[in-house]
Amino acid sequence: MELSKGRWAWTLARHRRQPTPFRFTGWNEAVTELMRLADHGQPVTVVIDEFPFLAKASPSLPSVIQRALDPTAQHTNTPVRLLLCGSAVSFMSRLLSASAPLRGRAGLELLVPTLDFRLAAEFWEITDPRTALLTHAIVGGTPAYRQEFTHGDVPAGPDDFDAWVARAVLNPARPLFREGRYLLAEEPELHDTALYHSVLAAIAHGNSSRGGIADYLGRKSTDLAHPLSVLQDVGMITHETDAFRRNRSKYRIAEPLVTFYHSVMRPYWGDLERPGRAPAVWHRTQSTFHSKVLGPHFEQVCRDWTRWHAAFETLGGRPSRVASGTVNDPAGRTNHEIDVAVHGMDEQGREGLLAIGEAKWNDTMGSGHVERLEHIRSLLATQGKATEATRLVCFSGNGFTDDLRHRATGDPSLQLVEPWRLYHGT
């Protein structure tokens with residue numbers, strides 16, 4: 001606490017160009033002096049970053065700030081605009097909750113998301129779409145990972161990607177190496193980190209339902225209600241409803257680096273901690289990376305593109321909800337998984353299923369993939385959930401056969417989407 005106040009006093013003195021730092025006996029004096037920064041009545045913006053760590057060391061600080069911002073005290077204060085920032089989502093959201101000291105004092109509450117896949121590629125200055133998507137599947141859209149965590153090391157292209165993973169991500173000398181483990185430590189609500197890491201590992205290995213997670217961990221499903229709820233509250237996972245079955249849902253890890261850590265790094269942690277082992281570990285985890293990390297991530301990117309970047313003409317309407325879904329096939333006694341199901345308003349203003357799509361990263365998609373989508377569309381039509389106007393969309397990271405390209409030419413009901421279109425087209 002004393003160190004925090006000392007740093008605070010030193011920063012204020014430097015801003016005021018004073019030769020010696022202030023000497024505060026408590027946070028009341030420190031905050032009062034802070035609120036006097038605007039000497040000439042002009043608004044001054046003050047940013048306190050990583051506020052959760054400061055408040056954890058000094059629990060009374062939010063109450064002190066609340067008193068300084070009280071309307072009855074404003075006659076003693078000049079106009080200071082105070083921005084409290086922090087990466088611990090749960091803590092920051094509670095600052096303005098019903099019983100919190102700062103309730104009613106905020107003029108702005110802003111949740112800053114990570115960069116989406118297009119902005120991330122632009123920020124990393126990666127022009128090749130495949131390389132951009134491969135990189136995003138590991139580091140996501142957190143800006144700090146480019147400079148502070150990888151020292152500005154960027155994959156030069158497809159041929160450099162594997163080497164980049166070994167030297168920048170799996171290298172124990174780089175800060176990014178342990179970031180997947182440390183992310184949970186930023187959230188003060190997550191006390192039993194071993195349990196939360198186990199839940200994340202279960203999801204990373206393809207167990208997306210509560211029952212599947214419970215079976216993976218050898219626990220009762222009811223035991224997971226609290227940890228799943230907490231992980232969702234802190235933004236570590238999302239809970240998504242099936243596109244066609246409202247009573248069915250799945251959990252997904254929101255931070256790509258966490259999925260990569262639990263799928264690729266954690267099982268081989270002992271090997272990776274020894275310098276020089278990264279290339280060998282990366283070589284033998286390729287199948288895991290493609291099935292557990294890259295494949296699901298590519299599907300999510302395709303859903304994001306469909307929701308936010310696809311043109312009205314592409315889908316034959318305006319999307320309002322995009323999700324994955326499961327379609328029952330009674331005759332075949334099976335279920336079909338749909339990677340992209342698009343609900344929205346069509347050209348006539350009617351709400352319905354605009355399109356269904358399949359996403360394959362490594363496959364060269366052909367007529368067989370379209371026939372599967374046509375079959376699923378007919379099943380949905382018999383259930384009253386689709387029509388012949390429902391479009392078919394094929395997403396491929398490895399291209400399409402000539403026959404399929406020829407079939408899609410001039411036929412708006414069949415859309416083909418490759419990495420270049422994901423990043424640059426609509």
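Residues numbered from 1 in each chain as written. Predicted model: local features only at pLDDT ≥ 70, side-chain atom pairs only at ≥ 80, totals over all residues. Heavy atoms only, no water.

Go over the nonpolar core, please, and point to the residues and values.
In terms of nonpolar packing, the biggest core is built from 75 residues, with Ile138, Phe260, Phe289, Phe395 and Leu422 touching the most fellow members. Grouped together as the second largest cluster of nonpolar side chains are 28 residues, Trp27, Leu61, Val64 and Ile65 included. (Core = buried A, V, L, I, M, F, W, Y, C linked by side-chain atoms within 4.5 Å. Buried < 20%, exposed > 50% of the residue type's maximum accessible area, 1.4 Å probe, protein only.)

Quick one: what's the story with the sheet that holds strand β8 (residues 391–396), residue by residue and with numbers?
Judged by pairing direction, the sheet is mixed, and its 5 strands sit side by side in the order β5-β6-β7-β8-β9 without closing on themselves. On the outer flanks of this sheet lie β5 (317–329) and β9 (414–417), each paired with one strand and no other. Within the sheet, the average angular offset between the axes of one strand and its neighbour, ignoring direction, is 25°. Two strands pair when backbone bridges link them, and β8 and β9 are joined in this way by 4 bridges, in the parallel orientation. For Val393, the partnering residue across the bridge sits in β9 and is Gln415. Its contacts with the sheet put helix α17 (residues 286–308) on β5, β6 (334–346), β7 (351–360), β8 and β9, and the angle it makes with β5 is roughly 140°. In this fold helix α19 (residues 367–382) packs onto β5, β6, β7, β8 and β9, with an angle of close to 150° to the strand it touches most, β7. (Pairing = 2+ DSSP bridges. Helix = DSSP H or I, 4+ residues; strand = E, 2+ residues; numbered from the N terminus. Axes fitted to C-alpha atoms, helices over the stretch in contact; angles between N-to-C directions. Contact = heavy atoms within 4.5 Å.)

Outline the side chain of Ser324, supporting the account with residue identities and numerical values.
Examined against the element boundaries, Ser324 turns out to sit in strand β5. Assessed through its relative accessible area of 12%, Ser324 is described here as buried. Setting aside residues no more than four positions away along its own chain, Ser324 makes contact with Thr241, Asp242, Ala243, Lys250, Arg303, Ile338 and Asp339.

Explain a nonpolar patch on the surface to me, using residue names and the numbers behind them.
A cluster of nonpolar side chains, Leu108, Leu110 and Val112, forms an exposed patch at the surface whose accessible area comes to about 360 Å². Among the secondary structure elements, Leu108 is positioned in the loop between α5 (89–94) and α6 (117–124). (Patch = residues over 30% accessible without salt bridge, like charges linked within 9 Å, V, L, I, M, F, W, Y side chains within 5 Å. Areas by Shrake-Rupley, 256 points an atom, 1.4 Å probe, with all protein chains shown as cover. Salt bridge = Lys/Arg side-chain N within 4 Å of Asp/Glu carboxyl O.)

Give a detailed account of the packing of aromatic side chains, specifying residues and quantitative values.
Per the counting criterion, the structure on display carries 15 aromatic pairs. Each ring, one from Phe177 and one from Trp269, has its centre 4.5 Å from the other, and the planes form 20°; the classification is stacked. Highlighted residues: Phe177 in the loop between α9 (161–169) and α10 (179–182) and Trp269 in helix α15 (residues 269–272), separated in sequence by 92 residues. Note on accessibility: Phe177 and Trp269 belong to one class, buried. Residues Phe260 and Phe289 carry aromatic rings whose centres are separated by 6.0 Å and whose planes lie at 80° to one another, so their mutual orientation is edge-to-face. Of this pair, Phe260 sits in helix α14 (residues 256–265) while Phe289 sits in helix α17, and the two are 29 residues apart along the sequence. Among the aromatic residues, those joined into a cluster by ring pairs are Trp124, Phe161, Trp164, Phe260, Trp282 and Phe289. (Phe/Tyr/Trp six-rings, centres within 6.5 Å; stacked < 30°, edge-to-face > 60°.)

Give a description of the pairing of β5 that names residues and reports values.
Sheet topology places β5 next to β6; 11 bridges connect them, and they run antiparallel. For Asn328, the partnering residue across the bridge sits in β6 and is Asn335. In this antiparallel pair of consecutive strands, β5 and β6, the connection spans 4 residues, and Arg333 shows a positive phi of 50°.

Could you give an account of α14, naming the residues involved and the relevant values?
Buried residues dominate α14, accounting for 10 of its 10 residues. Pro256, Leu257, Val258, Thr259, Phe260, Tyr261, His262, Ser263, Val264 and Met265 are the residues of α14 that are buried.

Kindly report on the packing of α14 against α17, identifying the contributing residues and their values.
Remark: α14 packs on α17, axes separated minimally by 9 Å, with the N-to-C direction vectors making an angle of 165°. Regarding the angle of α14 to α17, the classification is roughly antiparallel. The hand of the α14/α17 crossing is right-handed. Counted together, Pro256, Thr259, Phe260, Ser263 and Val264 of α14 and Thr288, Phe289, Lys292, Val293 and His297 of α17 form the full contact between these two elements. Taken together, the residues that form the contact of α14 with α17 break down as 5 nonpolar, 4 polar and 1 charged. (Parallel < 35°, antiparallel > 145°, perpendicular 65-115°, else oblique. Left-handed = near helix turned anticlockwise from the far one by under 90°. Nonpolar A, V, L, I, M, F, W, Y, C, P; charged D, E, K, R; others polar.)

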